Amino acid sequence: MAAVMEGPLADLNKWNTEGCSIAKAMDLIGTRSAMLILREAYYGTRRFDGFARRVGITDAAASAQLRKLTAAGLLEKRPYQEEGQRTRHEYTLTQMGTDLLPAVVALWQWGDTYLQPGPAPLLRVDAETGAPVTVDLRTEDGTAVPLDRLAVRVNQPYLDHRAERRKADS
């Protein structure tokens, strides 16, 4: 079972993966510490020491990941000051960071299903109704889409944009 590769994508040997969005995303968030910092931001952690402690990484690693996620636009750094203390910074999710939530929940759901030796340690539920929350592939009208019905096709606006950039670079 595989996705349906349409048009020029049907022959995998005749095209390359230049510009792959999955590769770009993994370059940004593909480390354990980056994903766990995002997990903590979703859970409500805001302060540097909280990220380092809860993720179990050194201050240097936390600093590097927070700097990277902030520079990329997933987190925003905001100053705060407790009475009698110097100004420090907290980190909050941006829209870009919030929009990544379904991908993170999908990994969490997959880990619960395939990597836990028994029941999942935590449940994802709607806070108002208690209904389970899951991630899956659906069309706009709610139809489930299995892998063998997922079609992948060339996006003409992407090709046009790429051609414009190459022309401008010449």
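Notes on the structure follow. (Residues numbered from 1 in each chain as written. Predicted model: local features only at pLDDT ≥ 70, side-chain atom pairs only at ≥ 80, totals over all residues. Heavy atoms only, no water.)

## Structural notes on the overall build of the chain
- Helix and strand counts for the chain stand at seven helices and four strands.
- For the chain, the N- to C-terminal ordering of α and β elements is β-α-α-α-α-β-β-α-α-β-α.
- A globule of 170 residues ought to have a C-alpha radius of gyration of about 15 Å, yet the chain, at 20 Å, is considerably larger.
- Counting only C-alpha atoms, the chain reaches 65 × 50 × 30 Å along its principal axes.
- Of the contacts made within the chain by residues no fewer than 6 positions apart, 46% connect residues no fewer than 24 positions apart.
- A total accessible area of about 12400 Å² is found for the chain, and carbon and sulfur atoms account for 55% of it.
- Of the charged side chains in the chain, 22 are positive and 22 negative; the average position of the first set lies 6 Å away from that of the second. (Helix = DSSP H or I, 4+ residues; strand = E, 2+ residues; numbered from the N terminus. Rg over C-alpha atoms; globule rule 2.2 N^0.38 Å. Contact = heavy atoms within 4.5 Å. Areas by Shrake-Rupley, 256 points an atom, 1.4 Å probe, with all protein chains shown as cover. Lys, Arg positive; Asp, Glu negative; His and termini not counted. Charge placed at Lys NZ, Arg CZ, Asp CG, Glu CD.)

## Looking at the packing of helix α3 (residues 48-55) against helix α4 (residues 59-72)
- Contact geometry for α3 and α4: axes closest at 9 Å, N-to-C directions at 115°. Taken as a pair, α3 and α4 cross one another with a handedness that is right-handed. Of the residues in α4, those touching α3 at F48, F51 and A52 are D59, A62, S63 and L66.
- Grouping the amino acids of the contact of α3 with α4 by side-chain chemistry returns five nonpolar, one polar and one charged. (Axes fitted to C-alpha atoms, helices over the stretch in contact; angles between N-to-C directions. Left-handed = near helix turned anticlockwise from the far one by under 90°. Nonpolar A, V, L, I, M, F, W, Y, C, P; charged D, E, K, R; others polar.)

## Section: the environment of T87
- Here T87 lies in the loop between β2 (75-80) and β3 (88-93).
- Setting aside chain neighbours within four positions, we find T87 in contact with P79, Y80 and Q81.

## Let's talk about helix α2 (residues 32-43)
- Taking 1.5 Å of rise per residue, the 12 residues of α2 would be expected to cover 16 Å, and the 16 Å separating its terminal C-alpha atoms lies within 8% of that figure.
- Looking at α2, one finds that the buried residues are S33, A34, M35, L36, I37, L38, E40 and A41. (Expected span 1.5 Å × (residues − 1). Buried < 20%, exposed > 50% of the residue type's maximum accessible area, 1.4 Å probe, protein only.)

## Quick notes on the pattern of salt bridges
- Applying the stated criterion across every chain yields a total of nine salt bridges.
- For R153, the salt bridge identified is with E6, shortest N-O distance 2.6 Å. With a gap of 147 residues between them, R153 in the loop between β4 (151-152) and α7 (156-169) and E6 in the loop between β1 (4-5) and α1 (21-29) connect regions that are remote in the sequence.
- Classification of R153 as exposed rests on a relative accessible area of 59%.
- Between D136 and R138 there is a salt bridge, with its nearest N and O atoms 3.1 Å apart. (Salt bridge = Lys/Arg side-chain N within 4 Å of Asp/Glu carboxyl O.)

## A word on the environment of D136
- With respect to the secondary-structure elements, D136 resides in the loop between α6 (101-114) and β4.
- On the accessibility criterion, D136 (41% relative accessible area) is partly exposed.
- Separated by 16 residues in sequence, D136 and V152 place their C-alpha atoms 17 Å apart.
- A polar contact of 3.1 Å, which involves the side chain of D136, links it to the side chain of R138. (Polar contact = N/O pair within 3.5 Å; in protein donor to acceptor, adjacent residues only side chain to side chain.)

## Topic: α3
- Those residues of α3 lying buried are G50, F51, A52 and V55.
- The positive-phi residue at the C-terminal boundary of α3 is G56, with phi of around 80°.

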